[in-house]
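Listed here are the chains, written in short residue letters.
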Amino acid sequence: FAYLTEHMNMLATTGYITPDTTGKLLWHLPPSAGLKFADVPNGLAAISKVPAAGWAQILAYMAYCEVPQDQSLGTPAAAG
């Protein structure tokens, strides 16, 4: 449970601070919907603005990064 909490905290902090400090991208997200990155608010308000296909892509990438690792005790992945 602590592992999940740490990752959620890092994600929340990065997602909230980064757009304010670096600016938002000028491209569309997705182009077919006419939704721009600048139209997506920071924080929890962004959850309702991102299309379902975007969330699926995010979850698929997370699984790609996490699942193939050997997370047994004593391995670098288990150490964090």
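Just so you know, the residues in each chain are numbered from 1, in the order the chain's sequence is written. With pLDDT at 70 or above as the cut-off, local features in this predicted model cover only qualifying residues; side-chain atom pairs require 80 or more to be listed or tallied, and sums for whole chains, interfaces and linings still use all residues. The side-chain numbers reported here are obtained from all heavy atoms of the structure, hydrogens and water having been left aside.

A.B. asks: When you look at the overall build of the chain in this model, what are you seeing that I'm missing?
C.D. replies: Of the regular secondary structure elements, the chain holds three helices and zero strands. If you list the helices and strands of the chain from N to C, you get α-α-α. When a residue's accessible area, from a 1.4 Å probe over protein chains only, is under 20% of the maximum for its type it is buried; when over 50% it is exposed; and in between it is partly exposed. Every one of the 80 residues in the chain was classed for burial, and the buried ones make up 8%. Across the chain, every contact between residues at least 6 apart in sequence was considered, and the portion connecting residues at least 24 apart equals 14%. Taken as a whole, the chain presents about 6600 Å² of accessible surface, with 69% of it coming from carbon and sulfur. Secondary structure elements are taken from DSSP: a helix is a run of H or I of four residues or more, a strand is a run of E of two residues or more, and numbering for both begins at the N terminus. Should any heavy atoms of two residues lie within 4.5 Å, those residues are counted as being in contact. Exposure was quantified through the Shrake-Rupley algorithm and a 1.4 Å probe, taking into account, for residues, occlusion by the shown protein chains and nothing else.

A.B. asks: Can you walk me through the environment of Leu44 in this structure?
C.D. replies: One can find Leu44 in the loop between helix H1 (2-22) and helix H2 (52-66). Leu44 sits 28 residues away from Tyr16 along the chain, and the two C-alpha atoms are 8.8 Å apart.

A.B. asks: Is there a simple way to explain a nonpolar patch on the surface in this structure?
C.D. replies: Patch membership requires more than 30% relative accessible area and the absence of a salt bridge. Residues of like charge join within 9 Å; the nonpolar side chains Val, Leu, Ile, Met, Phe, Trp and Tyr join within 5 Å. By definition, a salt bridge exists where a carboxyl oxygen of Asp or Glu is found within 4 Å of a side-chain nitrogen of Lys or Arg. A cluster of nonpolar side chains, namely Leu44, Ile47, Trp55, Ile58, Leu59 and Met62, defines an oily patch on the protein surface of about 610 Å² accessible area. With respect to the helices and strands, Ile47 occurs in the loop between H1 and H2.

A.B. asks: Honestly, the confidence of the model for the chain in this entry has me stumped. Any pointers?
C.D. replies: Detailed reading of the predicted coordinates is not advisable wherever pLDDT falls low. A score between 0 and 100, pLDDT records how confident the predictor is in each residue. Residues of the chain with pLDDT of at least 70 account for 82%, and the chain-wide mean is 77. Per-element confidence in the chain is highest for H2, whose mean pLDDT is 87, and lowest for helix H3 (residues 76-79), whose mean pLDDT is 66.

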